[in-house]
Amino acid sequence: VAGKAVTLSSSRGVQDTVTQPAAATDANGQTTGTIASTTAGTATLTATDTTDTITVTVSEATLTITPALPTPLTLVAGDTEQITVTRDGDLAPALTVTLTSPDPTRVANATVTLAAGAASGTTTLTGLALTGNDLILQATAAGYTPEEYAVEVVAPTLTFEELDGTAIVGNLALRIGDTRQITIRRPASDGAAALTVSLTSSDATVAGLSSPAVTPS
């Protein structure tokens, strides 16, 4: 509609600099103003037709990640899990979503590209080391409200074996001055990513380790 005066505002108030449209809407019902900011975050933009007192509110589109919270996604150290990122809003353009970890040494960062016309895409999260507490990843994409996603990394199940594959049960007996090579194994289902296991001796004067850091079979 032509000839309408429009006022712009931001839900964040003075954190955003708003330049109001200099003219009423043109023959195509359009006018131009700007909103700029040096402060990161999410804002809701409102355009008000002050001629007829009509308000239009524009909010950022949203991202959804599955498997869904509230329980965190559990990763086994040295393994991966697939997640799906779904968007609403305009599906026409391709969209790249970045998942940023607060500690990439424990859970690796990841990205997923949603193809043009696609509502969702998949990516893989990799557990690198135990988290202790949940890590909150941030999923971000241009024009979308950031989404948080909780992940915890737990210890894998490790078994100790003789070189012939016989399981070592209980204590390993060694003679003074003798050495023994053993195999550390993890379930194949938990082995999608590399894993380094650190071994320590409770008394290095009694038994030492030639390879304190090993990669399980």
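Just above sits the structure.
This write-up is about the structure you can find in this document. (Residues numbered from 1 in each chain as written. Predicted model: local features only at pLDDT ≥ 70, side-chain atom pairs only at ≥ 80, totals over all residues. Heavy atoms only, no water.)

This part covers the side chain of Asp-49. Along the chain, the position of Asp-49 falls in strand β4 (residues 45-49). Within the buried core, Asp-49 has no salt-bridge partner, and the shortest N-O distance to an opposite charge, that of Lys-4, equals 5.1 Å. Within polar-contact distance, the side chain of Asp-49 engages the backbone nitrogen of Thr-51 at 3.0 Å. Within polar-contact distance, the side chain of Asp-49 engages the backbone nitrogen of Asp-52 at 3.1 Å. Ignoring sequence-local partners within four residues, the contact set of Asp-49 consists of Lys-4, Ala-5 and Ile-54. (Helix = DSSP H or I, 4+ residues; strand = E, 2+ residues; numbered from the N terminus. Buried < 20%, exposed > 50% of the residue type's maximum accessible area, 1.4 Å probe, protein only. Lys, Arg positive; Asp, Glu negative; His and termini not counted. Salt bridge = Lys/Arg side-chain N within 4 Å of Asp/Glu carboxyl O. Polar contact = N/O pair within 3.5 Å; in protein donor to acceptor, adjacent residues only side chain to side chain. Contact = heavy atoms within 4.5 Å.)

This part is about the sheet that holds strand β13 (residues 144-145). Strand pairing in a sheet takes place through backbone hydrogen bonds and is either antiparallel or parallel in direction. What the four strands build is an open sheet, ordered β11-β8-β6-β13; its pairing is mixed. The open sheet is flanked by β11 (120-126) and β13, the only strands paired with a single partner. Bridging between strand β6 (residues 61-66) and strand β8 (residues 80-87) involves four bridges; their strand directions are antiparallel. Residue pairing for β8: Leu-63 is matched across the bridge by Arg-87. (Pairing = 2+ DSSP bridges.)

The five strands lie next to each other as β7-β14-β12-β9-β10, forming an open sheet whose pairing is mixed. Each edge of the open sheet is held by one strand with a lone partner, namely β7 (73-76) and β10 (110-114). Along the sheet, successive strands turn relative to each other by an average axial angle of 30°, direction set aside. As judged from the five bridges shared by strand β12 (residues 135-140) and strand β14 (residues 147-154), these two strands associate in the antiparallel manner. Paired with Gln-138 across the strands is Glu-148, a residue of β14. (Axes fitted to C-alpha atoms, helices over the stretch in contact; angles between N-to-C directions.)

Core analysis: the largest hydrophobic core is formed by 26 residues, its most contacted members being Leu-63, Val-97, Leu-99, Leu-125 and Val-151. Going through the elements one at a time, β6, β7, β8, β9 (95-100), β10, β12 and β14 are the ones with two or more residues in this core. Dropping the residues within four chain positions of it, Leu-99 is found in contact with Ile-65, Ile-83, Asn-109, Ala-110, Val-112, Thr-123, Leu-137, Gln-138 and Ala-139. (Core = buried A, V, L, I, M, F, W, Y, C linked by side-chain atoms within 4.5 Å.)

This brings us to the environment of Ala-116. If you trace the backbone, Ala-116 turns up in the loop between β10 and β11. Residues within four places of Ala-116 in sequence aside, it is in contact with Arg-87, Leu-91, Ala-92, Pro-93 and Ala-94.

Moving on to unusual backbone geometry. Here Thr-66 and Pro-67 are connected by a cis peptide whose omega angle stands at 5°. Structurally, Pro-67 can be placed in the loop between β6 and β7.

For Val-18, the position within the fold is in strand β2 (residues 17-19). Residues Val-18 and Glu-147, spaced 129 residues apart in sequence, show a C-alpha to C-alpha distance of 26 Å. Residues within four places of Val-18 in sequence aside, it is in contact with Leu-8, Thr-34 and Ile-35.

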